[in-house]
Amino acid sequence: MLDIFFVSAILTMSGALSIKRGYGELKNRLEEIRKLNDIRQEDLAAALEVSRQTIGSLENGRYNPSIILAFKIARYFGMSIEEIFIYEEEQGNETV
Amino acid sequence: MKQYKVGRHVFLSTLGAVLFIAGLVLMLLFPDAEGILMTLPFICVGVGAGVFGGNFSSAMRNRTINKNPQLAKQAEIEAKDERNYMIRNKAKASAYNWMIFVYAAILLAFTLMQVEAYIILTLVGVYLIFIFSYVYYLLKYYKEM
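Throughout this description, residue numbers start from 1 for each chain and increase along the sequence as written. Going through the entries in the order they are written, you letter the chains from A and number the ligands from 1. Per-residue local features of the predicted model are confined to residues with pLDDT of at least 70, and side-chain atom pairs are confined, for both listing and counting, to 80 or more; whole-chain, interface and lining totals are unaffected and use all residues.

A. Fine view of helix 4 (residues 52–60) of chain A. Burial in helix 4 of chain A covers these residues: Thr54, Ile55 and Leu58 of chain A. Viewed end-on, helix 4 of chain A has its buried residues packed into an arc of 100°, placing them on one side of the element. What counts as a contact here is a pair of residues whose C-beta atoms, placed from the backbone, lie within 7 Å. The helix count covers DSSP runs of H or I at least four residues long, the strand count covers runs of E at least two residues long, and both are numbered beginning at the N terminus. Residues of helix 4 of chain A that are buried sit in contact with strand 1 (25–28), helix 2 (30–36) and helix 3 (41–48) of chain A together with helix 4 (82–112) of chain B. Trailing helix 4 of chain A by a residue or two, glycine 61 of chain A shows a phi angle of about 80°, which is positive. We call a residue exposed when 12 or fewer other C-beta atoms sit within 10 Å of its C-beta, buried when the count reaches 20 or more, and partly exposed for counts in between; the C-beta positions come from the backbone. Each direction from the helix axis to a C-beta atom contributes to the arc, which is the arc of those directions.

B. Here's a closer look at the nonpolar core. Residues and elements named next belong to chain A. Each nonpolar core reported here comprises buried Ala, Val, Leu, Ile, Met, Phe, Trp, Tyr and Cys residues connected via C-beta atoms within 7 Å. Leu30, Leu44, Ala45, Val50, Ile55, Leu58, Ile73 and Ile84 together form the largest nonpolar core, which totals eight residues. Of all elements in the fold, only helix 3 and helix 4 reach the threshold of two or more residues within this core. Ignoring any residue separated from it by four or fewer positions in sequence, one finds leucine 30 in contact with Leu58, Glu59, Ile73 and Ile84.

C. The interface of chain B and chain A, seen in detail. Contacts between the two partners involve 10 residues from chain B, matched on the other side by 11 residues from chain A. Contributions of two or more residues to the side of chain B that touches chain A are made by helix 3 (69–80), helix 4 and helix 5 (117–144) of chain B. Across the side of chain B that touches chain A, the residue classes break down as five nonpolar, one polar and four charged. Think of it as three bins: nonpolar holds Ala, Val, Leu, Ile, Met, Phe, Trp, Tyr, Cys and Pro, charged holds Asp, Glu, Lys and Arg, and polar takes everything else, Gly as well.

Next up, the structure:
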């Protein structure tokens, strides 16, 4: 196993190995929920102890939060993670 | 509230300034120096300027932050922000990739220029340190995560 690991490490370093990660897409309703609650990005950022840019990036879908931040957001709004974040499987992948 | 260190940076920036000035003085006093004395002033000037610049800016920044609690809180959030953390790590990873390729190109160029073997071997040694440290951290995190 170690040999395979070393070979893959070396190939990755040389850029020869390009593995497409089979992740789906994570969408969210953060902007909608924030506006419904009449909260500014700055206030939400301060409450969650993240930068305002992070909130902006989350709303635009440019950045996916860590599971901890996702929990913090869900608890802040008193909702479940699934109500805010929607995970969509890539087409062609089997849905678990 | 967290207080950012100022005194240490002031001390180090003073040390940097002294080193910088000492380098300049050495340059003026021994213009025809040979051996170690020839390079020492330049090392003093370079290291001194770096230490002074880095610590002086940190001291000023920390002094301003300590005087303004809201700014301090914002600075703490910016430093701990997970997106900023990820951005910093991605930037470091990209810089590492570039470094590896540029370093390899320099090695090749030096070899083609028929630079002396000990210089090439030193560069190869440094290159291998980068590669082995990469593999070391790969294994370390592979076990940890």
